[in-house]
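Remarks on the overall topology
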Amino acid sequence: MSLGFRISGRIGKPVAEVFDAVVNPTKLSGYFTTIGGASAPLVAGTTVTWWKSVPVEVDEVTKDKRIVLRWDATDADGKPAYKTRIEMNFEPLEDGGTFVTIAEQGWHDGEVGLKKSYLNCEGWSQMLACMKAYLEYGINLRDGYYRSELKGEPANETNI
């Protein structure tokens, strides 16, 4: 069995603007990858770096509809052991807003996989809330969100 989760929410902006806020490294760095940024736009077949140290493999980008990414999942010793898969879907709504769904799957069954999947679920939930605040109100909720970020360090499972 493979562990995974799905989160979703509405952002009151058109789908093109919401989608761009994820693929555009300047915008993504304004609310999510705030410390260290994002190294490049999300383009299928490339690998970008988030937070100066996290490689993100871009498998698929379908404009204004879907993004599929992969990144390292770590074992109990904190070493990369395998990849998880992130799928983001963007659905235009009749009211002009966008319904965003983010799903991540692929953790190995067991205590370590369960713990790490919960941490990432927290992170993606926080990302979606920060994106909503950034796009709808121009607010960066991520600034100082985690204790580590107050010290200028990207958040990770050992320092939040």
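- By the naming in an unreviewed UniProt entry, the protein goes by ATPase and is assigned to Mesorhizobium atlanticum.
- Check the Sequence similarities (unreviewed entry) section of the UniProt entry for the protein; it says "Belongs to the AHA1 family."

So, the side chain of Glu136
- By the secondary structure assignment, Glu136 is in helix α3 (residues 111-137).
- Among the polar contacts listed, one links the side chain of Glu136 to the backbone nitrogen of Gly12, at a separation of 2.4 Å.
- In this structure the side chain of Glu136 is engaged in a polar contact, spanning 2.7 Å, whose partner is the side chain of Lys132.
- Apart from residues no more than four positions distant in its own chain, Glu136 is found in contact with Arg10, Ile11, Gly12 and Lys13.

Observations concerning the pattern of salt bridges
- Taken as a whole and judged by the stated rule, the model has eleven salt bridges.
- Between Asp95 and Arg10 there is a salt bridge; the shortest N-O distance is 3.0 Å. With a gap of 85 residues between them, Asp95 in the loop between β5 (80-92) and β6 (98-108) and Arg10 in strand β1 (residues 2-11) connect regions that are remote in the sequence.
- Assessed through its relative accessible area of 51%, Asp95 is described here as exposed.
- The salt bridge partner of Lys132 is Glu136, with a shortest N-O separation of 2.7 Å.

Focus: the nonpolar core
- In this structure, Trp50, Met88, Trp124, Met127 and Met131 are the most contacted members of the largest nonpolar core, which totals 37 residues.
- Of all the elements in the fold, those that place two or more residues in this core are β1, α1 (15-23), β2 (47-50), β3 (54-62), β4 (66-74), β5, β6 and α3.

Examining the packing of aromatic side chains
- Counted by the stated rule, this structure contains eleven aromatic pairs.
- Their ring planes at 85° and their centres at 5.9 Å tell us that Trp50 and Trp71 sit as a pair that is edge-to-face. One end of the pair, Trp50, is in strand β2; the other, Trp71, is in strand β4, with 21 residues separating them in the sequence. For the pair shown, Trp50 and Trp71 are each scored as buried.
- Cluster of aromatic residues (ring-pair linked, three or more members): Phe32, Trp50, Trp51, Trp71 and Trp124.

Remarks on unusual backbone geometry
- Backbone geometry places Lys52, a non-glycine residue, at a positive phi of 65°.
- With respect to the secondary-structure elements, Lys52 resides in the loop between β2 and β3.
- A residue is classified by how much of its surface remains accessible, and Lys52, at 71% relative accessible area, is exposed.
- Of note in this structure, Asp64 is not a glycine but carries a positive phi near 65°.
- Inspection of the secondary structure assignment puts Asp64 in the loop between β3 and β4.

Basis of the calculations
- Residues numbered from 1 in each chain as written.
- Predicted model: local features only at pLDDT ≥ 70, side-chain atom pairs only at ≥ 80, totals over all residues.
- Heavy atoms only, no water.
- UniProt positions renumbered as here; feature names shortened; annotations may be inferred.
- Helix = DSSP H or I, 4+ residues; strand = E, 2+ residues; numbered from the N terminus.
- Polar contact = N/O pair within 3.5 Å; in protein donor to acceptor, adjacent residues only side chain to side chain.
- Contact = heavy atoms within 4.5 Å.
- Salt bridge = Lys/Arg side-chain N within 4 Å of Asp/Glu carboxyl O.
- Buried < 20%, exposed > 50% of the residue type's maximum accessible area, 1.4 Å probe, protein only.
- Core = buried A, V, L, I, M, F, W, Y, C linked by side-chain atoms within 4.5 Å.
- Phe/Tyr/Trp six-rings, centres within 6.5 Å; stacked < 30°, edge-to-face > 60°.

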